[in-house]
Amino acid sequence: MTKMIYKAFSKKFFGAKYERLPRTLLICLVVFWGLYLSHIRVQIAPFIFYLMTGTFTAGVMWQALSSEDNASFMENLMMLPFGRRDFTLSYIAALGTYVLFTKTGMLLAVLLAVGNWKPAEVFTALLWGVNGVLMTAGLFPFRKYWYAKSLWVLLSLALVFFFGNRSWFALPLAANGILAFLLLRQAEGYSFYLPRREKICRGKTHKGCSVWRYLFRYLTCHRNYLVNTAVLWCMALLLPLFIGQRENRFAVPMGFALLSMNTPICILLSCDPALEQALHSLPGQKKAFCLPYCLFIFLCNLTADGIFLFSLQVQKGGVGIPMIASAFFFAFLSAAGSVLLEWFYPIRKWKIESDLWHHPRKYAVPSVMLLLAAAFALLLKE
């Protein structure tokens, strides 16, 4: 039974013939050799290496576990008789393999190519990635006990922060992974099932349709989108700390480009294929939907840019009319580019929502903005 459940989930994540796995490994290999042969080297402390691997894996794993796309698939499997541990361990093994190979593997390809690592450090990083999968899966069924969950996470981060450079760091890390595995064995399979939310269809009825109402209801139903936006705004507050007193002309436009990478709000059509199909089939929807959607992304981008400029003015000073005008320019241009990509080139053939968040297309608009920022910085005066 365990093997059957694992195979069912693996085929969902990797494709019917596991065709996605060799393709992803090939991409990781190309990225690794491309960076390695370019002789780009970055000095990174081992504990930073572990911290990046573990937190990234844990974040992607949490997104994957929270994916509503798994709801209907899990409903069908749960109609079959299964043991409590059979379903839990099979599901987490398949999902963990998917996260480690398709998401963490790409991060490791970059870090291994630009750093000089010892075999023991690479092994510890892999162990920290597995630990991130087990910890996240072990904590997910106990979401209500946020205080105990937060304490465990903080202790784990403190462990890697203070002792990550020690040679014996793998031992407590392995013990932490074993503890997470024992906790996972006690979890019910039903605790990983998240029914599809229908809150977006509830509430006060209205005579007419409103794109703005839809967008705000969608965000209230997907709180993780709001969390991502809040994290982006916190990053906007901290960005001026990395800008020198004489670097405003070059750094500020690049800061605008980086703050345009608000992935969740730029994939609303890709993550809802039914809506995307309806909009393309009904007349007049290009203008009716795209204009409010563009304005919505523009306001989100402008808010992040405004926080960035406010923090820059408080910490460094020197914010003038040209910088404010460039904030409007970059916010609008990135919003228009995101909407055009969603309308003409929506992401399809994705397996779970995490694929949308980490799809390479997310870097298309910010990359163009960075190129424009490099040119625009020459014209922007301090």
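As a starting point, this report considers the structure included with it. (Residues numbered from 1 in each chain as written. Predicted model: local features only at pLDDT ≥ 70, side-chain atom pairs only at ≥ 80, totals over all residues. Heavy atoms only, no water.)

### Some points on the overall build of the protein chain
Counting secondary structure elements, the protein chain contains 16 helices and 0 strands. Residue pairs at least 24 apart in sequence account for 86% of intrachain contacts in the protein chain once pairs closer than 6 positions are excluded. A total of about 20300 Å² of accessible surface is found on the protein chain, and carbon and sulfur atoms cover 70% of it. (Helix = DSSP H or I, 4+ residues; strand = E, 2+ residues; numbered from the N terminus. Contact = heavy atoms within 4.5 Å. Areas by Shrake-Rupley, 256 points an atom, 1.4 Å probe, with all protein chains shown as cover.)

### Overview of a nonpolar patch on the surface
A surface patch of nonpolar side chains, about 610 Å² in accessible area, is lined by Leu-26, Leu-29, Val-30, Trp-33, Tyr-36 and Leu-37. Along the chain, Tyr-36 turns up in helix 2 (residues 20-37). (Patch = residues over 30% accessible without salt bridge, like charges linked within 9 Å, V, L, I, M, F, W, Y side chains within 5 Å. Salt bridge = Lys/Arg side-chain N within 4 Å of Asp/Glu carboxyl O.)

### Considerations on the side chain of Thr-124
With respect to the element layout, Thr-124 can be found in helix 6 (residues 119-139). Once residues within four sequence positions are removed from consideration, Thr-124 is found in contact with Tyr-50, Phe-169, Ala-170 and Leu-173.

### Considering the packing of aromatic side chains
Inspection of every chain in the model, using the stated rule, returns 18 aromatic pairs. Each ring, one from Phe-161 and one from Phe-162, has its centre 5.2 Å from the other, and the planes form 85°; the classification is edge-to-face. In this structure an aromatic cluster arises from ring pairing among Phe-49, Tyr-50, Trp-117 and Phe-169. (Phe/Tyr/Trp six-rings, centres within 6.5 Å; stacked < 30°, edge-to-face > 60°.)

### As for the side chain of Ser-338
With respect to the helices and strands, the residue Ser-338 is situated in helix 14 (residues 321-344). Owing to a relative accessible area of 6%, Ser-338 belongs among the buried residues under this scheme. Sequence-distant contacts of Ser-338, that is, excluding residues within four places in its chain, are made with Cys-266, Ile-297 and Val-365. (Buried < 20%, exposed > 50% of the residue type's maximum accessible area, 1.4 Å probe, protein only.)

### Topic: the nonpolar core
Leu-215, Tyr-225, Ile-265, Tyr-293, Phe-296, Ile-297 and Leu-356 are the most contacted members of the largest nonpolar core, which totals 31 residues. Counting residues per element, the ones that place at least two in this core are helix 9 (211-221), helix 12 (273-281), helix 13 (285-315), helix 14 and helix 15 (353-357). In terms of nonpolar packing, the next biggest core, distinct from the first, is built from 28 residues, Phe-9, Tyr-91, Tyr-98 and Phe-140 among them. (Core = buried A, V, L, I, M, F, W, Y, C linked by side-chain atoms within 4.5 Å.)

### Some points on helix 8 (residues 170-185)
In an α-helix, one full turn covers 3.6 residues, which means residues spaced three or four apart are oriented alike. Its 16 residues give helix 8 an end-to-end C-alpha distance of 22 Å, which sits within 8% of 22 Å, the value for a rise of 1.5 Å per residue. Residues of helix 8 that are buried: Ala-170, Leu-173, Asn-176, Gly-177, Ala-180 and Leu-184. Projected down its long axis, helix 8 carries its buried residues within an arc of 120°, all on one side. Relative to its buried face, helix 8 has exposed residues pointing more than 90 degrees away, namely Leu-171 and Ile-178. (Expected span 1.5 Å × (residues − 1). Arc of directions from axis to C-beta.)

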